[in-house]
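Okay, here's what each chain looks like letter by letter:
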Amino acid sequence: MYHYTSLDTFYKIIEGVKDDYFTFHAGSIYTMNDTQEMLLGYNSIMKYLPTIEDNLKVPEEEKITTILKDKTKNKLIMEKFGEWLINDDITNFVVSFSAKPDILPLWALYGGIGTGVCLEFSPYQVKEHYTQKLNETKIDIKHCVYKEADIKKLLLTELEIVYKLFLKSNNGTGRKDSMQKLKYLATICGVIGAFIKHPAFEYEQEIRMNLFRNKDEWKFTETHNGQRSVYVEVPIPIKALTGIIIGPAANINHIKNALIMALRTKGIKVEPIQSKIPFRQY
């Protein structure tokens, strides 16, 4: 999986290496470029949730979706739902990668307008680290889905799994009060909805590293428009870095030597290569 970044950010990542780990900043899912982030996931979940409840033969009075039919509760539920989605238990943070290396639009958007680097990581090495460190926050690494057929396939699989867990936590029934049920739905949206994206972003072929962190780990930074953005620090093992691509608009001779020197200061032996995209540098 591939992470596009500017040279300035790359050098900060290298300077921050500690105990054989890079430190990445996982941004709040509510500050992503897609203004419909999570809303599309919520709507898709609500579309397929009745199918899952029917498949699992959940009694009508115990269904999560039954609550949403009660108009007298809807206003309060929707107010609470928004709070749940951004509280310290459910708010999810994301480190974004792409499944594709050397994509020109991603160089323009995230890779220093083509002068930055594209870092290649092994998702297996990252997962192995978090599997072994059971005391750390668990992560979920998945390909995002954009097409309706792929969204349906994801949800019909994932929704059944999490709904079964919900039923199991209640001795095989969905007997919880309305607020508890809706809070569980908010959790579902955070766990699964985070991987559903608008088809306009399909060119990114995004792979998301999704995780949850409590408020005591939250940090804040100011965005380009003066707003506060929340993030958390995420360790990624150095051994997971398997390659570096230098952007198509960069001076390969100058940048490659500088990158190698920076990497050597941290004992990292990765040979950077040049982008294959033809780009006039004058």
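Everything here concerns the structure above.
Remember, predicted model here, so these are calculated numbers, not experimental data. (Residues numbered from 1 in each chain as written. Predicted model: local features only at pLDDT ≥ 70, side-chain atom pairs only at ≥ 80, totals over all residues. Heavy atoms only, no water.)

A. Inspection of the packing of aromatic side chains at higher detail. One pass over the full model with this rule turns up 8 aromatic pairs. On the basis of an interplanar angle of 85 degrees and a centroid distance of 5.1 Å, the ring pair of Y4 and W107 is categorised as edge-to-face. Taken together, the residues Y4 in strand β1 (residues 2–5) and W107 in helix α5 (residues 104–110) connect sequence positions 103 residues apart. Y4 sits in the buried class, given a relative accessible area of 7%. For W107, a relative accessible area of 0% puts it in the buried group. Put simply, the rings of F22, F24, F97 and F121 touch in pairs and so form one group of aromatic residues. The ring of F195 has K142 lying over it, and the distance from NZ or CZ to the ring centre is 5.1 Å. Just above the ring of F201 sits the side chain of K197; from NZ or CZ to the centre is 4.8 Å. (Phe/Tyr/Trp six-rings, centres within 6.5 Å; stacked < 30°, edge-to-face > 60°. Helix = DSSP H or I, 4+ residues; strand = E, 2+ residues; numbered from the N terminus. Buried < 20%, exposed > 50% of the residue type's maximum accessible area, 1.4 Å probe, protein only. Lys NZ or Arg CZ within 6 Å of the ring centre and 35° of its normal.)

B. Up close: helix α1 (residues 7–15). Buried residues of α1: L7, F10, I13 and I14, and no others. Each buried residue of α1 sits inside an arc of 115 degrees when the element is viewed along its axis, so together they form one side. Exposed and facing more than 90 degrees away from the buried side of α1 are D8, K12 and E15. The secondary structure elements touched by the buried residues of α1 are β1, β2 (21–28), β4 (117–121), β9 (241–246) and α9 (252–264). (Arc of directions from axis to C-beta. Contact = heavy atoms within 4.5 Å.)

C. Representation of the pattern of salt bridges in the model. Enumeration according to the criterion identifies 14 salt bridges in this entry. Two residues, D54 and K63, come together in a salt bridge whose shortest N-O distance is 3.2 Å. In this structure K63 comes out as buried when scored by relative accessible area, which is 10%. (Salt bridge = Lys/Arg side-chain N within 4 Å of Asp/Glu carboxyl O.)

D. Up close: the environment of L185. Along the chain, L185 turns up in helix α8 (residues 178–191). Residue classification places L185 among the buried positions, given a relative accessible area of 0%. With 120 residues separating them along the chain, L185 and T65 place their C-alpha atoms 9.3 Å apart. Excluding residues within four positions of it along the chain, L185 makes contact with Y42, I45, M46, L49, I64, L68 and F81.

E. Quick peek at the side chain of R208. Locating R208 in the fold gives a position in strand β6 (residues 206–212). A residue is classified by how much of its surface remains accessible, and R208, at 0% relative accessible area, is buried. A polar contact is formed between the side chain of R208 and the side chain of E37, at a distance of 2.8 Å. Here R208 is in contact with I29, M32, E37, V94, V95, D140, I141, K142, C144, A194, F195 and K197, once residues within four sequence places are set aside. (Polar contact = N/O pair within 3.5 Å; in protein donor to acceptor, adjacent residues only side chain to side chain.)

F. Broad picture of the environment of T265. Positionally, T265 belongs in the loop between α9 and β10 (273–274). Once the C-alpha coordinates of T265 and E15 are considered, the two residues, 250 residues apart in sequence, prove to be 9.0 Å apart. In terms of polar contacts, T265 uses its side chain to reach the backbone carbonyl oxygen of A262, at 2.5 Å.

G. A look at the pairing of strand β3 (residues 92–98). Most of β3 is tucked away, with 6 of its 7 residues classed as buried. When β2 meets β3, the two strands line up antiparallel, connected through 2 bridges. The residue bridging S28 from the neighbouring strand is F93, located in β3. The sheet contact formed by β3 and β6 spans 7 bridges and is antiparallel. (Pairing = 2+ DSSP bridges.)

H. The layout of surface pockets, seen in detail. For the largest pocket, the calculated volume is near 1500 Å³. Lining the largest pocket are 40 residues; nearest its centre among them are H3, H25, G27, M32 and Y110. Here the second largest pocket defines a volume of roughly 180 Å³. Contributing to the lining of the second largest pocket are A99, H143, C144, V145, Y146, K147, D150, K153, L154, E202, Q205 and E206. Ranked by residues supplied to the lining of the second largest pocket, first place goes to helix α7 (residues 148–168) with 3 residues. In terms of residue class, the lining of the second largest pocket is made up of 5 nonpolar, 2 polar and 5 charged. (1 Å grid on protein atoms, 1.4 Å probe; cavity = no way out; pocket = protein on both sides within 12 Å on 5 of 7 lines; lining within 4 Å. Points joined across faces, edges and corners; volume = space filled by probe spheres on them. Nonpolar A, V, L, I, M, F, W, Y, C, P; charged D, E, K, R; others polar.)

I. Region of interest: the nonpolar core. Ranked by internal contacts, the top residues of the largest apolar core, which has 40 residues, are F22, F121, V126, M209 and I244. Considering every element that reaches this core, the biggest residue donor is α9, with 5 residues. In this structure I244 touches F10, V117, C118, L119, L259, L263, V270, E271, P272 and I273, once residues within four positions along its chain are discounted. Of all hydrophobic cores here, the second largest spans 36 residues; its members include V58, L155, Y184 and A194. (Core = buried A, V, L, I, M, F, W, Y, C linked by side-chain atoms within 4.5 Å.)

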